[in-house]
Amino acid sequence: MNSVRGFLKDILKRVYRPFEKIALEFWAEKNIVVSAKESLDNSGPYKRHHAVYCPRILDLFMNDPQWRTLVVMKSSQSGFTFHVLILICRKIAECATSIIYVIDSVPKAKDLSKVRLQPMLKSCKALRISIEAVEDAMNTLIYNLPNAILRLAGSGSAGQVASYPADLVVGDEMDKWKKDKNEAHKWYLLTDRIKRSENGKAIGFSTPTVETAITNEGFEAGSKHMIFCPCPHCGFKQVIDIDHMRFSHCKEADGKTYNYKRILRETYMECESCNGKIVDDDKMEMMLNCELRATNYKEIEDENEVKTLVENWNPGEMSFHVSDFYSMHPSSTWGVLVMEFLKAQGKPKKLHAWTNGRAGRPVKQSVSNISYKHILRLRGSYKRGTLPIVPCVATLQVDSQGDHQKWVSMAFLPNGTRYVIDYGITIDRREIKDVAKRAIKTPEKDITVQNCIMDEGGKEGTSYEVRKFCLPLFPFFIPTKGRGRVQAKNTIHFSDSKVTKGGDETIPVCHFDDDAFKRELYIELIKKHDPVRAQEFNQPRLFLPSDIDEEFVRELCGEELVREIDENGVEAFVWKSKPPNDYGDCIKMGGVLWNVIEHKYNKPPI
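What counts, and at which threshold
Residues numbered from 1 in each chain as written. Predicted model: local features only at pLDDT ≥ 70, side-chain atom pairs only at ≥ 80, totals over all residues. Heavy atoms only, no water. Helix = DSSP H or I, 4+ residues; strand = E, 2+ residues; numbered from the N terminus. Buried < 20%, exposed > 50% of the residue type's maximum accessible area, 1.4 Å probe, protein only. Contact = heavy atoms within 4.5 Å. Areas by Shrake-Rupley, 256 points an atom, 1.4 Å probe, with all protein chains shown as cover. Pairing = 2+ DSSP bridges. Axes fitted to C-alpha atoms, helices over the stretch in contact; angles between N-to-C directions. Parallel < 35°, antiparallel > 145°, perpendicular 65-115°, else oblique. Nonpolar A, V, L, I, M, F, W, Y, C, P; charged D, E, K, R; others polar.

Participant: Run through the overall build of the chain, naming residues and quoting values.
Facilitator: Across its full length, the chain carries 20 helices and 30 strands. Burial status across the chain gives 53% buried among its 606 residues. The contacts of the chain with a sequence gap of at least 6 include a subset with a gap of at least 24, amounting to 72%. With an accessible surface of roughly 27,700 Å², the chain has 50% of that area assigned to carbon and sulfur atoms.

Participant: Would you mind going over the sheet that holds strand β27 (residues 506–513) in detail, with residue names and values included?
Facilitator: Taking strand neighbours across the sheet as the criterion, the eight strands line up as β26-β27-β25-β24-β19-β20-β21-β28 in an open arrangement whose pairing is mixed. Looking at which strands have only one partner, the edges of the open sheet turn out to be β26 (492–498) and β28 (542–543). Along the sheet, helix α16 (residues 463–470) contacts β19 (393–400), β24 (451–455), β25 (477–483), β26 and β27; its crossing angle with β25, the most-contacted strand, is approximately 150°.

Participant: Tell me about the packing of helix α2 (residues 24–31) against helix α4 (residues 80–94), and please be specific about residues and values.
Facilitator: Running from N to C, α2 and α4 point in directions that differ by 80°, and their axes come no closer than 11 Å. As far as their axial angle goes, α4 and α2 are roughly perpendicular. Of α4, the residues touching α2 (which contributes Leu24, Trp27 and Ala28) are His83, Ile86, Leu87, Cys89, Arg90, Ala93 and Glu94. The residue makeup of the contact of α2 with α4, split by class, is seven nonpolar, one polar and two charged.

Participant: How would you explain the packing of helix α13 (residues 348–357) against helix α17 (residues 514–527) if you had to name every residue and give the values?
Facilitator: Contact geometry for α13 and α17: axes closest at 9 Å, N-to-C directions at 80°. When the axes of α13 and α17 are compared, the pair comes out roughly perpendicular. Residues Pro348, Lys349 and His352 of α13 form the contact with α17, whose own contacting residues are Ala516, Phe517, Arg519 and Glu520. For the contact of α13 with α17, a count of residues per class yields three nonpolar, one polar and three charged.

Structure follows, in structure tokens:
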């Protein structure tokens with residue numbers, strides 16, 4: 001009887017308990033214990049310095065009735081998921097509530113429940129008695145708690161949980177959710193559930209992928225809140241990103257190669273107001289005194305030509321961006337982030353991963369139509385068959401067709417900058433050997449190509465002919481084949497393939513992610529060419545001879561990136577070719593070959 005009375009007393013106490021009028025970060029210090037499974041480095045009582053901007057954005061959102069939805073575009077070390085779980089603990093502790101939590105898959109929902117949520121609920125000081133009293137009622141994905149119910153689900157079953165009322169819904173890793181064909185994203189289905197609740201709130205967040213995905217869509221439509229941190233020297237508040245980092249002084253004597261050890265030690269942030277030097281040790285104080293500001297405003301002009309800034313977001317929609325440049329995690333110092341950024345240059349998937357996971361930004365995949373002006377601005381001050389520099393390696397790329405081959409010779413510098421040397425057509429594949437032997441004039445001496453790659457796709461089933469040609473010349477000649485979309489599991493990988501049908505001889509064939517290297521060439525090196533940024537960040541760029549002809553230019557304009565709806569109903573970017581585009585394919589394969597051989601010529605700095 002006493003246990004029943006105590007149980008009922010606890011329920012009544014919770015129903016009528018007023019909210020604690022303290023910020024989430026201070027509530028967490030009083031009540032939250034971080035488990036070793038959550039964070040080995042930060043296990044124990046919650047410390048306020050842990051990503052302080054996360055509880056503050058949640059307070060700003062939860063305590064202001066104007067906001068109904070929050071979309072957060074986050075980086076991998078932001079700590080946002082962790083703080084949403086703290087918010088859930090507080091909601092359960094302080095009021096009657098119904099919560100829905102959806103992540104991209106059921107296995108991930110179960111893992112989050114077991115590894116992260118349950119330990120936090122059980123150790124929460126404001127909840128421990130209640131949790132212990134009903135521990136047997138806690139299922140893996142449904143938490144029946146005193147005065148509260150929490151449902152977790154994978155995105156595939158989001159429709160089922162969305163049939164229940166809720167005053168808080170959470171969408172985790174939304175960019176990875178599978179979308180049903182011809183239906184709106186399930187995030188919108190979830191946000192409908194809060195309309196019945198006067199104070200209902202919806203929080204969606206994800207590491208972003210591409211610009212057209214749901215997270216960036218929500219971010220652009222919302223308030224675009226950003227973190228502004230005060231300069232320790234002048235107090236001016238500003239955002240922190242790669243553009244504010246200074247590391248050009250960490251180059252070697254040649255003025256081109258970066259010394260990564262110095263990058264780690266000497267990278268600093270420059271204040272945009274006083275030009276003061278801000279170092280990693282200043283970050284903690286900057287975070288504790290940061291300010292969260294909406295930035296999505298537009299300028300309007302009245303009849304008297306008076307300009308005014310007005311809100312440009314959808315009513316009730318808050319959005320927020322955070323990158324690892326704000327993180328206090330030891331693996332996210334400014335030097336580490338800059339070093340990773342520099343190492344990703346010229347590597348399409350690594351740069352994509354850095355942009356999403358570290359910068360917390362989507363990859364810009366706007367529709368790409370390459371024009372003549374994009375190609376012509378890449379011309380250098382040298383003619384075909386010559387080079388203005390001495391490269392670390394010269395290469396030859398061959399695109400095989402049924403009755404001919406088109407080829408492009410190129411040269412590379414250690415950072416991946418590439419020069420097109422010459423191009424042409426051969427009727428007989430054996431002529432390619434002569435092309436490979438041609439002398440290339442440089443300022444110091446004549447050179448010849450040292451590595452060759454030949455596409456085996458082509459027309460009329462040329463795979464076996466290409467392998468037979470390459471076998472006695474391997475690894476000087478490497479056969480290769482591009483893979484598109486779902487077929488591409490790795491950026492580059494090799495497989496032992498038979499040289500002839502039914503034969504025993506094999507040769508390593510280089511398979512590459514065709515879409516990734518098209519993005520690198522047509523978007524990064526051609527469409528987004530920026531010589532100033534390339535110089536500052538030691539980014540690879542593309543040079544063309546000054547005497548290229550119209551046919552060559554036309555073929556480099558033969559690829560388009562267009563929007564399509566895929567088989568799952570998801571909007572996607574797809575490359576469409578407008579043949580002939582063979583010279584473009586050859587230059588693209590130059591990027592593939594460089595990724596295979598660069599370790600020989602690009603030694604890491606000491």
